[in-house]
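Results of the structural survey
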Amino acid sequence: LTRDSASIEKLKLSEFLLDWLDNEHQLNIAHSTYKRYRSLTTHHINPLIGDYKLCKLTPKIVNWFLSQMRNSGQSVRSLQQARALLSISLGEAENQGLIQVNPIRKVKNPQGSERQINPLTIDEVKRLLNAYNGTYLSARLHLALICGLRQGEAIGLRWRDVDLDSGVLQIKNQIQIINGKQAFTTLKTERSKRSVVLTESTRLALVSHKQLVEHMFVKADRNWEELDLVFPRAN
């Protein structure tokens, strides 16, 4: 919206941030990212610094805000996401001429100790796959442990994107929870779209899995809703 100089001087961060997030940025990001950004806005940013006028924000104010988040027990990752959200939004405010300079440029990205990750060993992966061999979970575990598919990518996978003859699958979309319901959505970035070459054991797991899905189809009879899902529910 076009604003005159008087309204720009009175514009608060909270007003600009929610309007920009809901009406502009939401269209450019994954729904899960939008939900996270909106949560950060309503629960952290606006309660602490939302009443500041947009043109009066300084690096000192933002650093104080981040320190308050840290003191309240928020993780380093949450601080980094809050800074990223402010950086993107205030960058757009600068582009629109609402502020002279984006103050986040002089705010360092919060740092902290990295969380220790203890992945499964190769032997543990083998034991897990062997334990579930022949079950409905077998192919699901193969795609997670061997192919590295994320949860939403796996449950959003459709047979049309799986070539069992050549042993290649295409990752094109995902399923996310939007307004309490599962829905197909695009992947978070264009780089997330990819082809995955299957190992022979994973290909065979999918071949067996397709037979299980066909049995589910027969059992469901007329209650079946055909969505071409590799991992459907009972109907």
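Throughout this document, residue positions are counted from 1 along each chain, in the order its sequence is written. This being a predicted model, a pLDDT of at least 70 is required before a residue's local features are given, and a value of 80 or more before pairs of side-chain atoms are given or counted; all residues contribute to the totals for chains, interfaces and linings. Derived side-chain values reflect all non-hydrogen atoms in the structure, with water molecules and hydrogen atoms excluded from consideration.

**Regarding the overall build of the protein**
Labels follow the DSSP assignment, with helices taken as runs of H or I lasting at least four residues and strands as runs of E lasting at least two, numbered in each case from the N terminus. Across its full length, the protein holds 9 helices and 5 strands. Along the protein, from the amino end to the carboxyl end, the secondary structure elements read α-α-α-α-α-α-α-α-β-β-β-β-β-α. Our radius of gyration looks at C-alpha atoms and nothing else; its globule reference is 2.2 Å times the residue count to the power 0.38. Taking 18 Å as the expected radius of gyration for a compact globule of 235 residues, we find that the protein reaches 23 Å, considerably beyond that expectation. Seen through its C-alpha atoms, the protein measures out along the principal axes to roughly 65 × 40 × 30 Å. For the protein, buried positions account for 40% of its 235 residues. Here, residues are in contact when the closest pair of their heavy atoms is within 4.5 Å. Counting contacts in the protein only where the partners sit at least 6 residues apart, residues at least 24 apart contribute 60% of the total. For the protein, the accessible surface area stands at approximately 14800 Å², while carbon and sulfur atoms represent 49% of it. Exposure is judged per residue with a 1.4 Å probe applied to protein chains only, and the accessible area is read against the type maximum: over 50% gives exposed, under 20% gives buried, and values in between give partly exposed. All accessible areas in this document rest on Shrake-Rupley with a 1.4 Å probe, and a residue is counted as covered only by the protein chains that are shown.

**Side note on the nonpolar core**
Ranked by size, the top nonpolar core spans 29 residues in total, and within it Leu13, Ile45, Leu54, Phe65, Leu85 and Leu86 carry the most contacts. Broken down by secondary-structure element, the contributors of at least two residues to this core are helix 2 (13–23), helix 3 (31–49), helix 4 (59–71) and helix 5 (76–95). Examining the composition of this core, we find that 6 residues originate from one element, helix 5, more than from any other. Setting aside chain neighbours within four positions, we find leucine 86 in contact with Leu13, Ile45, Ile49, Val62, Phe65, Gly91 and Ile104. Put simply, a nonpolar core is a bunch of buried Ala, Val, Leu, Ile, Met, Phe, Trp, Tyr and Cys residues held in one set by side-chain atoms that sit within 4.5 Å of each other. Residues Val162, Val196, Trp224 and Val230 belong to the second largest nonpolar core, which totals 22 residues.

**Examining the packing of helix 6 (residues 122–131) against helix 7 (residues 137–145)**
The relative placement of two packed helices is expressed as an angle between their axes plus a distance between the axes. Under this scheme, a helix contributes an axis fitted over its contacting stretch, all axes are lines through C-alpha atoms, and angles between N-to-C directions fall in the 0 to 180 degree range. Direction vectors running N to C along helix 6 and helix 7 enclose 160°, while the axes themselves pass 9 Å from each other. Our classification of the angle between helix 6 and helix 7 gives roughly antiparallel. Between helix 6 and helix 7 the crossing geometry is left-handed. Taken together, the residues of helix 7 that come into contact with helix 6 (itself represented by Val125, Leu128 and Leu129) are Leu141, His142 and Leu145. Each residue is assigned to one class: nonpolar for Ala, Val, Leu, Ile, Met, Phe, Trp, Tyr, Cys and Pro, charged for Asp, Glu, Lys and Arg, and polar for all the others, Gly among them. Residue classes in the contact of helix 6 with helix 7 are distributed as 5 nonpolar, 1 polar and no charged. Working definition: roughly parallel below 35 degrees, roughly antiparallel above 145 degrees, roughly perpendicular at 65 to 115 degrees, and oblique for all remaining angles. By definition, any crossing whose near helix is turned counterclockwise from its far helix by less than a right angle is left-handed, and any crossing with a clockwise turn is right-handed.

**A few points about the packing of aromatic side chains**
The description of an aromatic ring pair rests on the distance of the ring centres and on the angle between the ring planes. The aromatic pairing rule takes the rings of Phe, Tyr and Trp, using the six-membered ring of Trp, and pairs them if the centres are within 6.5 Å, calling planes under 30 degrees apart stacked, those over 60 edge-to-face and the rest tilted. Here the structure, examined in full by the defined rule, presents 2 aromatic pairs. A ring pair is formed by tyrosine 136 and phenylalanine 231, whose centres lie 6.4 Å apart and whose planes are at 85°; its orientation type is edge-to-face. Note that tyrosine 136 is positioned in the loop between helix 6 and helix 7 and phenylalanine 231 in the segment after helix 9 (200–220), a separation of 95 residues in sequence. Of the residues examined, tyrosine 136 reaches a relative accessible area of 30% and is grouped as partly exposed. Assessed through its relative accessible area of 10%, phenylalanine 231 is described here as buried. Cation over ring: lysine 210 sits above tryptophan 159, and NZ or CZ is 5.2 Å from the ring centre. Only Lys NZ and Arg CZ are tested; either one counts as a charge over a ring when it is within 6 Å of the ring centre and within 35 degrees of the ring normal.

**Quick look at the pairing of strand 2 (residues 168–171)**
The alternating pattern of strand 2 places Leu169 and Ile171 on a buried face, while none of Val168 and Gln170, on the opposite face, is buried. By definition, two strands form a pair when at least two bridges between them are found by DSSP. Here strand 1 (residues 162–163) runs beside strand 2; their pairing, made up of 2 bridges, is antiparallel. Residue pairing in the sheet places valine 162 in a bridge with leucine 169 of strand 2. Hairpin geometry of strand 1 and strand 2 is characterised by an intervening segment of 4 residues between the two adjacent antiparallel strands and by a positive phi of about 75° at glycine 167.

**Remarks on helix 2**
All of the buried residues along helix 2 are Leu13, Ser14, Phe16, Leu17, Trp20 and Leu21. Viewed end-on, helix 2 has its buried residues packed into an arc of 165°, placing them on one side of the element. Each C-beta atom gives one direction from the helix axis, and the arc is the one those directions make.

**Some remarks on the pattern of salt bridges**
The term salt bridge refers to a pairing of a side-chain nitrogen on Lys or Arg with a carboxyl oxygen on Asp or Glu at a separation within 4 Å. Tallied over the entire structure, the rule returns 8 salt bridges. Glutamate 94 is the partner of arginine 105 in a salt bridge, and the nearest nitrogen-oxygen pair spans 2.7 Å. Residue arginine 105 is located in the loop between helix 5 and helix 6, and its partner glutamate 94 is located in helix 5; the two are separated by 11 residues in the primary sequence. Through salt bridges that share partners, Arg150, Glu153 and Arg194 make up one connected network.

**Focus on the sheet that holds strand 2**
Reading across the sheet, the 3 strands line up as 1-2-5 and stay open at both edges, with antiparallel pairing between neighbours. Edge positions in the open sheet fall to strand 1 and strand 5 (194–197), since each of these has one partner strand only.

The analysis is restricted to geometry; functional conclusions fall outside its scope.
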